[in-house]
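Architecture and fold: a report
Given next are the chains, with one letter for each unit.
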Amino acid sequence: MFAVRETINLLLPASCAICERADFRLCPECRRKVHQQLFLPPLGEQLQFYVELPTLQWQLPVSATGIYRNELARAILSFKNQQRYFLAQEFAPFLAAAINTACPPRLFDQPTLLVPMPSSVRAIGTRGYRPVQVMLHEAQRRGLLAAHTRTAPLLHYRFGRLLSGAQKSKSGSARRGGDSPLIAEIPAELRQPILLIDDVTTTGATLRKAAIACFDAGYDVVGAVVLAYTKPPIDDED
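Residues numbered from 1 in each chain as written. Predicted model: local features only at pLDDT ≥ 70, side-chain atom pairs only at ≥ 80, totals over all residues. Heavy atoms only, no water.

A word on the nonpolar core
Core analysis: the biggest nonpolar cluster contains 70 residues, and L60, F91, I99, L155 and L196 have the highest contact counts within it. Beyond its immediate sequence surroundings of up to four residues, I99 is in contact with L114, L136, L145, L195, I197 and V225. (Core = buried A, V, L, I, M, F, W, Y, C linked by side-chain atoms within 4.5 Å. Buried < 20%, exposed > 50% of the residue type's maximum accessible area, 1.4 Å probe, protein only. Contact = heavy atoms within 4.5 Å.)

What to know about the packing of aromatic side chains
Considering all chains together, one arrives at five aromatic pairs under this definition. Between F79 and Y129, the ring centres sit 6.1 Å apart and the planes meet at 45 degrees, which makes this aromatic pair tilted. Residue F79 is located in helix α3 (residues 70–81), and its partner Y129 is located in the loop between α5 (121–127) and α6 (131–141); the two are separated by 50 residues in the primary sequence. For F79, a relative accessible area of 1% gives the class buried. Ring centres 5.4 Å apart and planes at 85 degrees place the aromatic pair Y85 and Y129 in the edge-to-face group. You can see Y85 sitting in the loop between α3 and α4 (88–102) and its partner Y129 sitting in the loop between α5 and α6, a full 44 residues away along the chain. According to the relative accessible area criterion, Y85 is partly exposed, its value standing at 26%. Among the residues examined, Y129 registers a relative accessible area of 6% and is labelled buried. An aromatic cluster is defined as three or more aromatic residues linked by ring pairs; in this entry it consists of F79, Y85, F91 and Y129. Across the ring face of F86, the terminal group of R25 is positioned such that the distance to the ring centre comes to 4.1 Å. (Phe/Tyr/Trp six-rings, centres within 6.5 Å; stacked < 30°, edge-to-face > 60°. Helix = DSSP H or I, 4+ residues; strand = E, 2+ residues; numbered from the N terminus. Lys NZ or Arg CZ within 6 Å of the ring centre and 35° of its normal.)

Some remarks on the pattern of salt bridges
The full count for this structure, using the stated rule, is eight salt bridges. The residue K33 makes a salt bridge to E29 at a minimum N-O spacing of 3.9 Å. Placement of both K33 and E29 in helix α2 (residues 28–36) is noted, with a separation of four residues, approximately one turn of the helix. Note on E29: relative accessible area 34%, which makes it partly exposed. One salt bridge connects E71 with R74, and the closest N-O pair in it is separated by 3.4 Å. One end of the pair, E71, and the other, R74, are both in helix α3, three residues apart, so they sit about a helical turn from each other. With a relative accessible area of 40%, R74 lands in the partly exposed category. Because the salt bridges share partners, they merge into one network encompassing E29, R32, K33, E71 and R74. (Salt bridge = Lys/Arg side-chain N within 4 Å of Asp/Glu carboxyl O.)

Here we look at α4
The terminal C-alpha atoms of α4 lie 20 Å apart, and with 15 residues this matches the ideal 21 Å at 1.5 Å per residue to within 8%. For α4, every residue scored as buried is listed here: A88, E90, F91, A92, F94, L95, A96, A97, A98 and I99. Buried residues belonging to α4 abut α2, α3, β3 (112–116), α6, β7 (193–201) and β8 (220–229). (Expected span 1.5 Å × (residues − 1).)

What about the sheet that holds strand β2 (residues 58–64)?
Overall, mixed pairing links the six strands, which are arranged β1-β2-β8-β7-β3-β4 in an open sheet. The open sheet has two edge strands, β1 (48–53) and β4 (149–151), and neither has a second partner. If you compare each strand with its neighbour and ignore which way they point, the axes differ by 30 degrees on average. Judged from the three bridges that link them, β2 and β8 form a sheet pairing that is parallel. Counted as the bridge partner of V62 is A224 from β8. Across the sheet, α4 is in contact with β3, β7 and β8; its angle to β8 comes to roughly 150 degrees. (Pairing = 2+ DSSP bridges. Axes fitted to C-alpha atoms, helices over the stretch in contact; angles between N-to-C directions.)

Looking at the side chain of S63
Following the sequence through the fold, S63 ends up in strand β2. A residue is classified by how much of its surface remains accessible, and S63, at 13% relative accessible area, is buried. Ignoring sequence-local partners within four residues, the contact set of S63 consists of L43, L47, Q48, A224, V225 and V226.

Remarks on the pairing of β2
Examined bridge by bridge, β1 and β2 share six bridges and lie antiparallel to one another. Across the sheet, Q48 pairs through a bridge with S63, a residue of β2. What sits between the antiparallel neighbours β1 and β2 is a turn of four residues, in which Q57 has the positive phi angle 50 degrees.

See the structure below:
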């Protein structure tokens, strides 16, 4: 289904994914604005934050390459919801640079696993692809990721696992995370270092559930990297 949509996108008259200007899949002005709203390391303080994991008495460090607003927000929405698959080419270099900076040095010959946040069955059916995995694939194809990293889609929604019955996993996240919808596969080696990767985060609730599921399965979650961060509203109270 996705291949058909992408072929149609190539054959039909193009319009900019952001401003809808004719004859451009992404016009030069919008490309310039998106690049201006994405950042390479070292990332500023506004792009680094922590997600609290009270049950683990720990904080998950998160790095973002941009703030979810303006042209960047519209580009991400086009990428995720309007089948503008090619926008992964614009996002991949920034995401890869942040990932490489967040990765720990390779220890004991263990690669760092890059774990994309999974898409729901409904989202996959609508889009035809998994946006986070597409960005990681593009970064890997262009040789942008550090040699000691490896993409590992080891997180799954529980409902999807029940349908497939193919993945072996633990239920520790259910013990600590309550009714968490996410479950992680059992690692080949204990304490395998992993980085969680997502496109957009707001409250960090999904990253929190993912981190707990991965910790409970036996991984060493060293942090998370997201393409864009939705800043909370400014608190006007004294």
